[in-house]
Structures are given as C-alpha cells and as structure tokens.
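Residue strings, one per chain:
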Amino acid sequence: MKISDLDVRELVDVISAAIAPVLFEGAGQKVAPHMWRERIKLHAEVMGRITAVLQCGDEVGPEIHEYIELCTQHMHTGYEPCASEILGPGGSLSKIHKL
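Residues numbered from 1 in each chain as written. Predicted model: local features only at pLDDT ≥ 70, side-chain atom pairs only at ≥ 80, totals over all residues. Heavy atoms only, no water.

### A short note on the overall build of the chain
Logical step 1: Secondary structure summary: the chain contains four helices and zero strands in total.
Logical step 2: Secondary structure elements of the chain, listed N to C terminal, follow the sequence α-α-α-α.
Logical step 3: Buried positions account for 29% of the 99 residues belonging to the chain.
Logical step 4: Excluding contacts between residues fewer than 6 apart, the proportion of contacts in the chain whose partners are at least 24 apart in sequence is 54%.
Logical step 5: In the form shown here, the chain has an accessible surface area of approximately 6,800 Å², with 60% of it arising from carbon and sulfur atoms. (Helix = DSSP H or I, 4+ residues; strand = E, 2+ residues; numbered from the N terminus. Buried < 20%, exposed > 50% of the residue type's maximum accessible area, 1.4 Å probe, protein only. Contact = heavy atoms within 4.5 Å. Areas by Shrake-Rupley, 256 points an atom, 1.4 Å probe, with all protein chains shown as cover.)

Written out as structure tokens, the structure reads:
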C-alpha cells in the first residue's frame, strides 16, 4: 500500500479530529475569543501543511512549498465560518449570546 492508495479526505478528517484535543486543550468558555481564534488559525495551519504533504502522494518534491501555501490558505478560508459561528454574535461562546 502507498500514500496514493489512501483516501486523503478521510485521512485528513481523522488527523484533524486527533489533533484538535491537543490544540484546544484547556479552551473553554472562559478563554478570550482572540485565543480561540489563534487556536483555530493554528489548527488550520497544521492541517494545511499535513494536507499539502498528503497531496504530494508518494513523492514529496519541491512543489511542496506551493502546496503548503495553497492548502493552508484553503484551510484558513474553510475554518473562518466555523470561527464566526462559534465566536460571532449569537455564537455558542459569544458574550452577547449570554446576555
């Protein structure tokens, strides 16, 4: 079996779920919104880098730098709606929601 034989999307989902507890450890409702955003951005950065490597398939070459840039940007764009949903007005961690 080779990396190119794997379902990259499924693998990324599993890895994302596995690293989330580490990145968000200790984060709760008392953590400031900017700290949540920093952790969400870090999660997107880590997942973008992992995805870039997996997208290379069986050989990682010089194109990895371009893939990292593309994949991390894609992850940041994809995570932004989630951050807004959680932290924005009416979000589950929003102070406005608690009033």
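That was the structure; now back to the text.
### A few points about the layout of surface pockets
Logical step 1: Reported here for the largest pocket is a volume of approximately 300 Å³.
Logical step 2: If you go around the largest pocket, you meet 13 residues; those closest to its centre are Arg9, Val12, Thr51, His74 and Met75.
Logical step 3: Counting only elements with at least two residues in the lining of the largest pocket, the list comes to helix H1 (8-23), helix H2 (33-55) and helix H3 (64-87).
Logical step 4: Tallied by class, residues from the lining of the largest pocket come to six nonpolar, five polar and two charged. (1 Å grid on protein atoms, 1.4 Å probe; cavity = no way out; pocket = protein on both sides within 12 Å on 5 of 7 lines; lining within 4 Å. Points joined across faces, edges and corners; volume = space filled by probe spheres on them. Nonpolar A, V, L, I, M, F, W, Y, C, P; charged D, E, K, R; others polar.)

### Comments concerning the confidence of the model for the chain
Logical step 1: Of all residues in the chain, 88% have pLDDT values of 70 or greater, and the mean over the chain is 84.
Logical step 2: Element-level pLDDT for the chain is lowest in helix H4 (residues 95-98), with a mean of 50, against a maximum mean of 92 in H1. (pLDDT = per-residue confidence, 0-100.)

### Focus on the pattern of salt bridges
Logical step 1: Applying the stated criterion across every chain, the model contains three salt bridges.
Logical step 2: A salt bridge links Lys2 to Asp58; the nearest nitrogen and oxygen atoms lie 3.8 Å apart. Here Asp58 lies in the loop between H2 and H3 and Lys2 lies in the segment before H1, a separation of 56 residues in the sequence.
Logical step 3: Using a relative accessible area of 48% as the deciding quantity, one classes Lys2 as partly exposed. (Salt bridge = Lys/Arg side-chain N within 4 Å of Asp/Glu carboxyl O.)

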